[in-house]
Amino acid sequence: MAGAQAAVPLTAPLGGLHLRPMTDAGDMTSRDDLTIRLCGPRGFCAGVDRAIQIVVLAIKKYGAPVYVRHEIVHNRYVVEGLQERGAVFIEELSEIPDDHRDRPVVFSAHGVPQSVPADAQARNLFYLDATCPLVSKVHKQAMRHQRLGRHVILIGHAGHPEVIGTMGQLPEGAVTLVETEEDAACVIVPDEQELGFVTQTTLSVDDTEGVIRALEARFPTIRAPAAESICYATTNRQVAVKEAAPGTDLFLVVGAPNSSNSRRLVEVAERAGAKRALLVQRASEIPWDELGNLRTLGLSAGASAPEIIVDEIIEAFRARYDVTVELAITAEETENFPLMRDLRDVELTRADMAFVNGGA
Ligand code: SF4
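Residues numbered from 1 in each chain as written. Predicted model: local features only at pLDDT ≥ 70, side-chain atom pairs only at ≥ 80, totals over all residues. Heavy atoms only, no water.

Draft legend 1. Local environment of the overall build of the chain. Scanning the chain for helices and strands turns up 11 helices and 12 strands. Taking 2.2 N^0.38 as the reference for a compact globule, 360 residues should give roughly 21 Å; the C-alpha atoms of the chain span a radius of gyration of 22 Å, in line with that estimate. In terms of overall dimensions, the chain has a C-alpha envelope of 70 × 55 × 35 Å along the principal axes. By residue count, 54% of the 360 residues in the chain fall in the buried class. Relative to all contacts within the chain whose residues are 6 or more apart in sequence, the contacts with residues 24 or more apart total 79%. (Helix = DSSP H or I, 4+ residues; strand = E, 2+ residues; numbered from the N terminus. Rg over C-alpha atoms; globule rule 2.2 N^0.38 Å. Buried < 20%, exposed > 50% of the residue type's maximum accessible area, 1.4 Å probe, protein only. Contact = heavy atoms within 4.5 Å.)

Draft legend 2. How the structure looks around unusual backbone geometry. The omega torsion of the bond from G40 to P41 falls at 5°, within 30 degrees of zero and hence cis. Note that P41 resides in the loop between β1 (33–40) and α1 (46–62). In this model, A64 is joined to P65 through a cis peptide bond whose omega is 0°. Looking at the element boundaries, P65 is found in the loop between α1 and β2 (66–69). A positive phi angle, close to 70°, is found at H70, a residue other than glycine. Note on placement: H70 falls in the loop between β2 and α2 (76–85).

Draft legend 3. The packing of α1 against α2, seen in detail. For the pair α1 and α2, the least separation of the axes is 10 Å and the interaxial angle reads 10°. What the angle tells us is that α1 and α2 run roughly parallel. Contacts between α1 and α2 pair I52, V55, V56 and I59 from the former with V78, L82 and R85 from the latter. When grouped by side-chain class, the residues that make up the contact of α1 with α2 number six nonpolar, no polar and one charged. (Axes fitted to C-alpha atoms, helices over the stretch in contact; angles between N-to-C directions. Parallel < 35°, antiparallel > 145°, perpendicular 65-115°, else oblique. Nonpolar A, V, L, I, M, F, W, Y, C, P; charged D, E, K, R; others polar.)

Draft legend 4. Spatial organisation of the site of the ligand. Around the ligand sit C45, G47, V48, C132, L134, V135, T201, T202, C231 and Y232, and those are all the residues in its vicinity. Among the detected pockets, the ligand sits in the largest cavity. Those elements that place two or more of their residues in the shell around the ligand are α1 and α4 (133–147). Considered class by class, the residues forming the shell around the ligand number seven nonpolar, three polar and no charged. (Near = heavy atom within 4 Å. 1 Å grid on protein atoms, 1.4 Å probe; cavity = no way out; pocket = protein on both sides within 12 Å on 5 of 7 lines; lining within 4 Å. Sits in = over half its atoms within 2 Å of the grid points.)

Structure (structure tokens):
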């Protein structure tokens with residue numbers, strides 16, 4: 001798995017991150033101590049980073065508006081930040097007014113069925129495809145299975161845009177969706193001897209292993225994809241949460257309710273031993289009155305959640321507790337997906353991305 005490296009001890013507070021209480025209230029003695037175990041890796045993955053950059057750079061190069069089909073990534077804060085800069089979010093290409101057909105349209109990181117670029121071409125639209133390269137890789141693996149005469153089983157969540165996009169790479173009826181081990185136990189396929197599977201990139205690693213085992217038990221000749229479908233970012237974030245969650249009184253995952261990988265992190269935290277785990281989009285969603293006797297907090301962020309919100313949440317705890325931050329780092333990520341040629345001539349500055357990364 002890309003990015004996996006030796007674990008760093010969990011309990012080593014970093015000098016720069018040993019946070020002292022805010023002194024503006026002038027009351028340092030009444031605050032309770034709180035240790036925050038901050039997971040790493042967390043937050044933006046290379047695919048999300050690239051997708052946001054594509055919208056930012058398209059607006060810089062072509063001016064506003066730039067249309068974006070579906071939420072570019074599943075995060076309201078990111079979507080609103082891009083709207084402020086001139087992005088217009090739509091669900092279908094038919095929503096682009098006739099007099100804006102010269103405007104670029106960006107496809108989201110989740111990928112799209114083949115019918116969408118075909119529709120864009122038929123409408124004479126200029127499109128920029130921000131599909132994550134690792135989602136495109138799954139598309140290619142599904143197509144390869146089919147080319148080799150296999151019916152494709154896709155393990156994933158019904159209705160998720162990535163699942164819709166992957167199923168839409170092949171003709172209707174060529175892919176069967178399996179969501180659970182129970183589905184795997186009763187799925188009906190055209191030919192039990194000619195099967196291949198792929199998975200959504202953002203699933204629970206443990207749950208997916210169970211589904212694959214169930215499929216292999218029923219269909220011993222089923223073929224795996226040439227490479228792991230669950231992506232490095234999903235795997236790395238789950239591993240870090242597993243390390244950090246045991247013994248925490250509360251585990252917070254920054255992410256949106258429609259973010260698959262963020263929701264999986266909440267489940268992983270609960271299963272790994274957090275007393276309670278919650279998904280929050282902003283610090284304002286934290287149920288402060290219900291936190292009880294909080295001594296240890298786990299904190300991570302889904303692949304579509306900006307670091308600026310992680311900072312906001314730490315600051316919110318600093319305002320209420322005497323906080324020490326410990327890093328729970330289980331991998332270093334160096335992945336970086338290149339932009340399409342059309343946008344390589346536009347300079348991306350730190351200020352361009354400050355609305356999600358903080359600083360300037
Ligand atoms: S979560 Fe994985 S597949 Fe999805 S955008 Fe990020 S790197 Fe790509």
